[in-house]
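What follows is each chain in one-letter form.
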Amino acid sequence: MAKSVASYVRLLATHEILPTGLFRVMVDSQAYLVYFSAGKFHAAFDRCPHADFPLSSGRRLENCVVCPMHNGMFNLSTGESVGQRNFGPLFMLPTRIVDGYLEAQVDTGEAANGWD
Ligand code: FES
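This structure is a prediction, so every number in the text was calculated from the model and none was measured.

What follows concerns the environment of Leu-18. Looking at the element boundaries, Leu-18 is found in the loop between β1 (8–13) and β2 (23–27). It is 7.5 Å that separates the C-alpha atoms of Leu-18 and Tyr-35, two residues lying 17 residues apart in sequence.

Taken in spatial order, the 3 strands of this open sheet run β1-β10-β9, and their pairing is antiparallel. In this open sheet, the two strands that pair with only one neighbour each are β1 and β9 (95–98). Taken over all neighbouring pairs, the strand axes of this sheet differ in orientation by 30 degrees on average, direction set aside. The pairing of β9 with strand β10 (residues 101–105) spans 4 bridges and is antiparallel. Across the sheet, residue Thr-95 finds its bridge partner in β10, namely Ala-104.

Right, let's get into the nonpolar core. Core analysis: the largest hydrophobic core is formed by 22 residues, its most contacted members being Leu-11, Tyr-32, Leu-33, Val-34, Ala-43, Ala-44 and Leu-55. Sorting the residues of this core by element identifies β3 (30–37), β4 (40–45), β8 (92–93) and β10 as the ones contributing at least two each. The greatest single-element share of this core, amounting to 4 residues, is contributed by β3. Not counting the four nearest positions on each side in its chain, Ala-43 is found in contact with Leu-11, Tyr-32, Leu-33, Val-34, Leu-93, Thr-95, Leu-102 and Ala-104.

Cut-offs applied
- Residues numbered from 1 in each chain as written.
- Predicted model: local features only at pLDDT ≥ 70, side-chain atom pairs only at ≥ 80, totals over all residues.
- Helix = DSSP H or I, 4+ residues; strand = E, 2+ residues; numbered from the N terminus.
- Pairing = 2+ DSSP bridges.
- Axes fitted to C-alpha atoms, helices over the stretch in contact; angles between N-to-C directions.
- Core = buried A, V, L, I, M, F, W, Y, C linked by C-beta atoms within 7 Å.
- Buried ≥ 20, exposed ≤ 12 C-beta atoms within 10 Å, placed from the backbone.
- Contact = placed C-beta atoms within 7 Å.

Below is the structure:
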């Protein structure tokens, strides 16, 4: 059986990812949400798991993001829905840092938090 090779997209230089920011990065028509949380850089698809609204336009509350559409709240480190209603986890991606850039793995078909 052939072993698959991981594929990554380069998103943003880590020095551009401000600690309290939410950044939307477009690569090949795909929108990614990039941020720093709990001592790590993270990447997710930039869409709310409830109804696909872009979370980059949301509001940060410490280690969480609040979706502006229906106020869903998500933990930015784990991706868990933490508000009063459970909207399911964020679509987080495995990441790595190469030459000072955050890259997200995009070929697995699986998200870092188990969403698929
Ligand atoms: S679209 Fe985000 S909470 Fe509904």
